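Chain by chain, the residues:
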Amino acid sequence: MAAVTANARGVVTDPAGVSPRDSRPPAPGAGGRSAESWKGHIIRELKHRDLSQHAMFQDLIRFYTQLLEKTSLTKGLLSSSARRPPAGSAPLSSLLQQSIQLKKTTGELAYQVVELQQQIKIKDSVLEEQHARLLQERRCLSRVSDAHQELGAQVEQVQGQNTALKVEYDALLERQRAAEAKLRQETVRGEELLAKVMKRKNQAAARMNSHNERRSRAREATLQAAARSKVNLDRSAVHPLSSTSPSSGFSNSSSAPSSRSTSPKNEKRDASMERKPMRLVRSASVTSPRILTSIKELFDRKRRGHSVCSQEEDLVSPVRICVSARVPARALQVLDAHEQDINAVRFSSSSDLLATGGTDKVIKLWEVRAGLLTHRGTLDGSTEGITCIEFDPMGFRILAASYSKAAMLWQLGDSVPKVTLTGHSRKVTAARFSSILHQVVTGSADGSIRLWDLRRAACLQSRNVAKYCSDLVCSENCIISGHYDGQIRVWDSRAASCVQVLPAQGKVTSLDLSSDHRQLLSCCRDDCLQLFDLRRWSNERVTFRADGFKCGSDSTKAVISPDCCYLAAGSADGAVYIWNVLTGKLETRLPDKHSSSISAVSWSLSGEYFVSVDKSKRAVLWSDM
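A brief report on the enclosed structure follows. (Residues numbered from 1 in each chain as written. Predicted model: local features only at pLDDT ≥ 70, side-chain atom pairs only at ≥ 80, totals over all residues. Heavy atoms only, no water.)

1. Examining the sheet that holds strand E13 (residues 458-464)
Basically, it comes down to this: Pairing between two strands requires that DSSP report at least two bridges joining them. Helix and strand definitions here come from DSSP, where helices need a minimum of 4 consecutive H or I residues and strands a minimum of 2 consecutive E residues; each element is numbered from the N-terminal end. Each axis is a line fitted through C-alpha atoms, taken for helices only over the stretch in contact, and angles between the N-to-C directions span 0 to 180 degrees.
With respect to topology, four strands assemble into an open sheet ordered E10-E11-E12-E13, the strand pairing being antiparallel. Since the sheet does not close on itself, it has two edges, and those belong to strand E10 (428-433) and E13, each with one partner. Taking the axes of each pair of neighbouring strands and ignoring which way they run, one obtains an average angle of 20 degrees across the sheet.

2. Quick word on the side chain of lysine 364
For the record, the criterion: Residue burial is assigned from relative accessible area. The probe radius is 1.4 Å, only protein chains are included, and a residue is buried under 20% of its type maximum, exposed over 50%, and partly exposed in between. By the counting scheme adopted, Arg and Lys are positive, Glu and Asp are negative, and His together with the chain ends is not counted. Should a side-chain nitrogen of Lys or Arg be within 4 Å of a carboxyl oxygen of Asp or Glu, the pair is scored as a salt bridge. Any pair of N or O atoms that falls within 3.5 Å is considered a polar contact. Within protein, one atom must be able to donate a hydrogen and the other to accept it, and sequence-neighbouring residues count only if both atoms are side-chain atoms. Between two residues, a contact is recorded if the distance between any of their heavy atoms is within 4.5 Å.
As for its position among the elements, lysine 364 is in strand E4 (residues 363-369). Buried and unpaired, lysine 364 has no salt bridge, with aspartate 360 as the nearest side chain of opposite charge at 5.1 Å. One polar contact links the side chain of lysine 364 to the main-chain carbonyl oxygen of alanine 337, over a distance of 3.0 Å. What lysine 364 contacts, discounting residues up to four positions off in sequence, is Ala337, His338, Leu354, Ala355, Thr356, His375, Gly377 and Thr378.

3. Topic: the pattern of salt bridges
Tallying each qualifying case throughout the model produces 20 salt bridges. Two residues, aspartate 471 and arginine 432, come together in a salt bridge whose shortest N-O distance is 3.1 Å. Here arginine 432 lies in strand E10 and aspartate 471 lies in strand E14 (residues 469-475), a separation of 39 residues in the sequence. In this pair, the class of aspartate 471 matches that of arginine 432, namely buried. Linking arginine 525 and aspartate 554 is a salt bridge whose minimum nitrogen-to-oxygen distance equals 3.0 Å. Here the residue arginine 525 occupies a position in the loop between strand E19 (519-524) and strand E20 (528-533), and aspartate 554 occupies one in the loop between strand E21 (541-544) and strand E22 (558-560), the gap between them amounting to 29 residues. Residues joined by salt bridges that share partners form a network here, namely Arg346, Glu390, Arg432 and Asp471.

4. Observations concerning the sheet that holds strand E2 (residues 342-347)
As summarised here, the arrangement of the four strands in space is E2-E3-E4-E5, forming an open sheet in which the pairing is antiparallel. Edge positions in the sheet fall to E2 and strand E5 (372-379), since each of these pairs with one other strand and no more. Between one strand axis and the next, the sheet turns through 25 degrees on average, direction left out of account.

5. Here's the deal with the nonpolar core
The nonpolar side chains of a soluble globular protein tend to be buried with one another. Cut-off, in case you're wondering: Nonpolar cores were defined as sets of buried Ala, Val, Leu, Ile, Met, Phe, Trp, Tyr and Cys residues, with membership established by side-chain atoms within 4.5 Å.
Ranked by internal contacts, the top residues of the largest apolar core, which has 16 residues, are Leu521, Leu529, Leu531, Leu567 and Trp579. For this core, the secondary structure elements donating two or more residues are E19, E20, E22, strand E23 (566-570) and strand E24 (576-580). Not counting the four nearest positions on each side in its chain, tryptophan 579 is found in contact with Leu529, Phe544, Arg545, Ala546, Phe549, Cys565, Tyr566, Leu567, Ala569, Lys585, Leu586 and Glu587. Of all hydrophobic cores here, the second largest spans 15 residues; its members include Ile342, Val345, Val368 and Ala600.

6. Structural notes on the packing of aromatic side chains
Within a pair of aromatic rings, the relevant descriptors are the distance that separates the centres and the angle that separates the planes. Quick note on the threshold: Side-chain rings of Phe, Tyr and Trp, where Trp is taken by its six-membered ring, are said to pair if the distance between their centres is within 6.5 Å; with planes under 30 degrees apart they count as stacked, over 60 as edge-to-face, and otherwise as tilted. Counted as over-ring charges are cases with an Arg CZ or a Lys NZ within 6 Å of the ring centre that also lie within 35 degrees of the ring normal.
Counted according to the given criterion, the structure contains six aromatic pairs. Note on tyrosine 468 and tyrosine 484: the rings are 3.9 Å apart at their centroids and 5 degrees apart in plane angle, and the pair reads as stacked. Within this pair, whereas tyrosine 468 is found in the loop between E13 and E14, its partner tyrosine 484 is found in the loop between strand E15 (478-483) and strand E16 (487-492), the two being separated by 16 residues in sequence. When its relative accessible area of 16% is taken as the criterion, tyrosine 468 is described as buried. By relative accessible area, which is 19% here, tyrosine 484 ends up buried. Aromatic side chains tyrosine 577 and tryptophan 579 sit 6.2 Å apart centroid to centroid with 25 degrees between the ring planes, which places their arrangement in the stacked category. Tryptophan 579 carries the same exposure label as tyrosine 577, and that label is buried. One Lys or Arg, lysine 507, reaches over the ring of tyrosine 484 and ends 4.8 Å from the middle of that ring.

So this is what it looks like as structure tokens:
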């Protein structure tokens, strides 16, 4: 039994695979000392291994302890079976099989112990890596914590600065509100003072007119009285010479010394006296045309000298008529006019000045001379891109609409706007001068159309359509607007009401009015142009199409020639298309000068030049020369 136990211990505690030494029982005849030395040697070896590998094989020791317990249990079973009388060979063989099975189990357990030890090593290495990563993460966390504290300090500092700025902003806002209130008061006061001044001027003009009228009446009465007195004197002077008494006729005819008619000198003086009064009456007659003309000129001069009208109201805009417009055939000049897209172009009434506006927020003025465009100046002041440009009839002012929800007015000699009209909630797409002096009309993407007074920069009327207004034109006592809902609306500017609706064939991108105000041109997104006859005010229209023509954007502009014989528009392919109004067919196509979609075109009022602009900053001057 002792030999079996030692053999089992030797197998289990040799993880390096060392075979047990002398597992056989001692030879017969050997003494007890040899047995004791052999056992003591094994015990010492085991203790040495236990001491050297205790830290590395704790789990192995635990499994080994369990194995010893099982071995002791087996020994108990074997001893109990040895004490019993042998009943036969079957129980002994079963015990041997159990012993063999236990040995196999012991080997398997030893193999499992080795595998578990290897797993423990792997887990230890993983644990060490995790400890290293944990240390690194702690260091990173400390750095992040420090950065968080620094950011917190910066946030507190910025919050303090924001608080100070908020206080300053509130103070500025209060000052602005006070200034706006003061401005409103001053504006009201200025209007009241202007009304008083106008009233006093009217009163002064009325007094002056009354005074002049009284003076003219007094002068007329004086002249009449003078004429009557002169006539009476003339008659009294002529009557004694021509009349004779019957009693004295003899003596007068017989007394030569007392008669003056016999002297030649006296005859001349009497003749002169007769002629002189007659000349006085003729020159001072109140019925003479020269006197009436002089008095009329005097009163006209007085009234013009004390008129309350401004100088601009006395100006009469010239009427320019184009007999025959030239159909452009070749490009005279191609240039990059702006730094970004060009959205609008317009000739002045004199045809020698061109204005272009684009997304770069400026309007550039170009002088047209000898077939070339020369940069003349730049108009600043807009905070967003320009959408529309319009010259006044005299060519002294420029009106523009922009993406900044406002319209601006420039004097031709100033680079900053003189008047800014604000009130729309979205971008202003169109701005036009009204037929009434000092009034303009604007249309916006918010669907509203507003009438403005330029003298007060105030809105007089507002019409809300709730449909995107793309363009508008003004005629006498009416405003015509085009919208994205495919409708063209005609408004009465006096009643501020819509009087007629003309259906279009798609989104209306632009409108243009002929020079005689008889025809209306509309450009639509369905790639066609439509011409309406405004004299009929009906839904009848003439449609113009062409192969290859395509409306490039929602703001593509089309125009009518000054002689009302041609229509022109730019296409998305970079070509200019021109139609003949009389034949309804395409007159010409001008390609190869634009590399992108053409946004707007303009015809000079003289009919000599034609300009097209596109989305790639390019402007082209055309003519037939």
